[in-house]
Amino acid sequence: MERYAKRALDVLQKAFAAAGYPAAGLALPQALDLELPPDPAMGDLGFPCFRLSKPLKKAPPAVAQELAAHCQQQLAGLPEQTMLKAAAVGPYVNFTVDAQVLLSDLLGDILAGGGDGRYGKVPEKTRGRWVMEFSSPNIAKPFMAGHLRSTALGAALARVGAYRGFDVISINHLGDWGTQYGKLAVAVKRFGKDLPADPGIKDLVAVYVKFHEEAEKDPALEDEAREAFARLERGDSELMELWKKCVVISMKEFSRTYQRLGVEFTHVWGESYYRDQLEPLLAELRKLGLIEESEGALVVRLTDAQGKEIPPAILQKKDGATIYATRDVAAARYRWEKFRFDRMSYIVGQEQKLHFQQVFGVLRRMNAEWVSRCEHIPYGLYRFKGAKMSTRKGNVVTLEDVLETAREAVLERLRARTLDAGVDADQVAETVALGAVVFNDLSNDPARDLDFDVERVTDFEGETGPYLQYAHTRCLSILRKAGGLDTFKQDLAAPAGDPADVSRLGRLAPEPELISRLRTPEELLLVKRLGQFPHHLERTLSFAKASQLCHFLIDVTQAFGGFYRECRVIQEDQPELTRARLLLVEATRRVLAQGLRFVGIPLPERM
Ligand code: ARG
C-alpha cells in the first residue's frame, strides 16, 4: 500500500494548499496521519480531520466534506487515474483505489519484494541510527519472566527497525556491577568450595543465599562485602577473577536463553563496561559545579523536562561506591560519543521511571542537548493466573517456569488434536509454546501489566501465537500439495528447509491477466490486508509497540481464514484460477513468515 499511501499523501498536501490551510497555520499531513479504515468497504486509506476542527472552527465532518472536495479536484487533475476517489466518511476523508488495479499492484509488490524478494523492506541504513537497549538481566540471578518483556519487545523493534532502513545498534546492559557483586565475590570466596564442577546460576544463587544467612549471624560479613566492592572498583585482581567467573557462568545460561528466543545483540556491554569512566565523570560534574554533598553522599539536584523539581540523583554513596545511576550517565555519554545516534531507547520496567528521569536530568544539567533523543520505553509487570505459577515461593517466576508451563499445556492440546502426518507432538510443543508465550507478551500493550493465563495463551483458536503458526502451516501444506501437481511450476512448491528463513525468497512476477482472476470479496480483502504490512511496520516503530504488528498478523490470518473457507484453491480443471490463488497463498505465507519472524515466533513446518 506504500505506493498508494504516498499518492494519497501527495493529493492531501496539495488539497491542503488549495484550501489555504497552511496559511491558517495548519501543519501538512504526514504519512503516519493516514489510517486504515477498519472496514475496507469504507475505503483503503483514511485521513482523520479532528485536529483541523478547532482552528477551522468547523465540526470534523464538515471539514472532511470540504477537504474531500479539494482532494477530488486534485485527483481530477492527475494524468494517471489510479486513485479512484476521495470521499468524506464522517470525520474522515477516505481514499478508495480501484480494486483490480490495487489487486494487481499489491500482489505484484508483495511477490516481487523490494529487490531481495521482501515486501516493505527499506534499503539498509538509509534512515537514522537507532541505539536500543534491552533485556539487561542481572548476573548470578535467574532470567526472570519480566526480562522477557524487555527482551521480546527490544528484539522485535530491532528487527523491524533494521528492515525499515534504520542503522540499529542493540545493547544488552547486563547488571554486573554494584555492591551486590562485592557480596557475591565474598560469598564465592568463602562458600564456593562446595560449588559443583560446572556451576550454573542456581548454584550462584545458593551461595549468595548462604552469604545472607551467615551475614545475619555475623554482620561483619556485610562490611567485608562493601570493602570487597570498593576493592573491585579499584581493580583488585583476585576479586576480579572471582567476579569474572560469575559473569561467565551467568552468560553461559543467558546465551542459551537468547538462542532459544532467537535474540542477538550488537554489544553486550554490562554496567561494568563503564567502570573506568566513573571517576572522570564525577570529576567533570564537580568541575561544572553540579555536585553537592548530602549526608556524605554526592548528589546532583534536578528538575524534570518541564522544570519541576524531582528527587536528586545520588551518584556516589557515603562509602565511596558508585551506583546504578552513575553508570547509566556514563553509559549514555559513551554511547553518544561512539554512535552519535538519532534515537536511543531504553526498554526497561516502568518502576524505573524516576531513575531515567534522573539520568536524563543529570545529562540535561551537563548540557548534553542530545538527551532529547533518549527515551525510556516502560513496560508493565508479569502477572500470573492459575494455581501452578502462584504456588512458587516469593512470586519469583523465571522465564523457564513460564515456558515449561506453556509447553505442558501445548502438549496436552496437541495430543487431543489430529496432527499432520509425521508430526511428533513433543518436538512441536517447544516451538508452539515459545510462540504462545512471546505472542502473548508482544500482543499486549507494553505499558500495561501482562496477564499470563496459560489456557488462553495456548488456545489454537484464539488470538494467539499458535493460531498464527497454524495458519502458516496451512499455507505451506497447500503449496506442498500444489508442488505435487505437475501443472504447477516449481516456483510455487513449498519452500524447502527452514520455513522461517525468508532471507532468500524468490521474486515472482505474476502477469496482471492472471491476477485479474481473483475477484471474490474474500480475495480482495486478503490482498488489501497484506498490502498494509509496511504501514503497520512503520507504526510499530514510531509507537515502539509490537502490538501493532501482532494485531495486523491476526487480521491477516482472519482474512486468510475467510478466503480459505470460501475459495477452493486447487481446482484441477481451472489451472489459471488455481495458479492465481496459489500466488495469493504464497503472498500470505511470505507476509506471515516475515511478520512472525519479526515478532520472534518460530515457525514449525507442520503441526
Ligand atoms: N539490570 C536492570 C534490571 O534488571 C535493568 C537495566 C536497565 N537499563 C539501564 N540502562 N539501567 O532491573
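Every residue gets a number counted from 1 within its own chain, in the order that chain's sequence is written. For this predicted model, a pLDDT threshold of at least 70 governs which residues receive local features, and a threshold of 80 or more governs which side-chain atom pairs are given and counted, while totals over whole chains, interfaces and linings are taken from all residues. Computation of side-chain values: all heavy atoms of the structure, hydrogens and water removed.

**Student:** Break down the overall build of the chain for me, citing the residues and quoting the values.
**Tutor:** Each helix is a run of DSSP H or I of at least 4 residues and each strand a run of E of at least 2, with the numbering of both proceeding from the N terminus. When its secondary structure is counted, the chain shows 22 helices and 13 strands. Between the two quantities, the radius of gyration covers C-alpha atoms and the globule rule is 2.2 Å times the number of residues to the power 0.38. Computed over its C-alpha atoms, the radius of gyration of the chain comes to 28 Å, within 12% of the 25 Å expected for a compact globule of 607 residues. Overall, the chain is about 85 × 65 × 40 Å in size when its C-alpha atoms are taken along their principal axes. Counting over 607 residues, the chain shows a buried share of 54%. Sequence-distant contacts, at least 24 apart, represent 75% of the contacts inside the chain between residues at least 6 apart. Put simply, the chain shows about 27000 Å² of open surface, and 50% of that area lies on carbon and sulfur atoms. Accessible area is worked out with a 1.4 Å probe on protein chains only. A residue is then buried under 20% of its type maximum, exposed over 50%, and partly exposed in between. Between two residues, a contact is recorded if the distance between any of their heavy atoms is within 4.5 Å. Throughout, the Shrake-Rupley method with a 1.4 Å probe supplies accessible areas, and for residues the shown protein chains are the sole cover considered.

**Student:** For the pattern of salt bridges, give the residues involved together with the corresponding values.
**Tutor:** Two side chains of opposite charge can pair, provided their charged atoms sit close to one another. Salt bridge, as used here, is a side-chain nitrogen of Lys or Arg placed within 4 Å of a carboxyl oxygen of Asp or Glu. A complete count under the given rule lists 37 salt bridges for this structure. Among the ionic pairs, Asp44 bridges to Lys528, the shortest N-O distance being 2.6 Å. Pair noted here: Asp44 is in the loop between α1 (2-19) and β1 (45-48) and Lys528 is in helix α19 (residues 521-531), with a separation of 484 residues, a long-range link. Take Asp44: its relative accessible area is 3%, and that puts it in the buried class. Judged by its relative accessible area of 9%, Lys528 is buried.

**Student:** An account of the environment of Glu222 is needed here, citing residue identities and associated values.
**Tutor:** Note on placement: Glu222 falls in helix α8 (residues 220-233). Ignoring sequence-local partners within four residues, the contact set of Glu222 consists of Lys183, Phe211 and Ala215.

**Student:** Explain the sheet that holds strand β11 (residues 374-379) to me, and be specific about the residues and the numbers.
**Tutor:** Being paired, for any two strands, means DSSP has found at least two bridges between them. Strand order across the open sheet formed by 5 strands is β6-β5-β4-β10-β11, with parallel pairing between neighbours. Because the sheet does not close on itself, it has two edges, and the strands there are β6 (267-268) and β11. Pairing between strand β10 (residues 343-349) and β11: 6 bridges, direction parallel. Paired with Gly349 across the two strands is Tyr379, which belongs to β11. Sheet contacts for helix α12 (residues 353-365): β10 and β11; angle to β11, the most-contacted strand, approximately 175°. Lines fitted to C-alpha atoms define the axes, with helix axes restricted to the stretch in contact, and inter-axis angles between N-to-C directions lie between 0 and 180 degrees.

**Student:** Go over the packing of aromatic side chains, please, and point to the residues and values.
**Tutor:** Only centres within 6.5 Å qualify two rings of Phe, Tyr or Trp (six-membered ring in Trp) as a pair; their planes then separate them into stacked at under 30 degrees, edge-to-face at over 60, and tilted for everything else. Throughout the structure, instances matching the rule amount to 31 aromatic pairs. Pairing Trp336 with Phe341 gives two aromatic rings, centres 5.2 Å apart and planes at 75°, and the pair type is edge-to-face. Phe341 matches Trp336 in its accessibility class, with the two residues each being buried. With a centroid separation of 5.8 Å and 85° between ring planes, the pair formed by Phe341 and Trp370 is classed as edge-to-face. One end of the pair, Phe341, is in the loop between α11 (324-339) and β10; the other, Trp370, is in the loop between α12 and β11, and 29 residues separate them in sequence.

**Student:** I'd like a description of the pairing of strand β2 (residues 83-89), backed by residues and values.
**Tutor:** In the sheet, β2 pairs with strand β3 (residues 92-97) via 6 bridges, with the strands oriented antiparallel. What sits directly across from Lys85, in β3, is Thr96. The hairpin formed by β2 and β3 contains 2 residues between the paired strands, and Gly90 there has a positive phi angle of roughly 60°.

**Student:** Report on the packing of helix α4 (residues 99-112) against α19, specifying residues and quantitative values.
**Tutor:** Put simply, α4 and α19 touch, their axes get as near as 9 Å, and they point 50° apart. By the criterion of interaxial angle, the relationship of α4 to α19 is oblique. Both α4 and α19 take part in a crossing whose hand is left-handed. Note on element contacts: α19 touches α4 through Leu524, Val527, Lys528, Leu530 and Gly531, opposite Ala99, Leu102, Leu103, Leu106, Leu107 and Ile110. Roughly parallel means an angle under 35 degrees; roughly antiparallel means over 145; roughly perpendicular covers 65 to 115; every other angle is labelled oblique. The sense of a crossing depends on the near helix, which, turned anticlockwise from the far helix by less than a right angle, makes the crossing left-handed and, turned clockwise, makes it right-handed.

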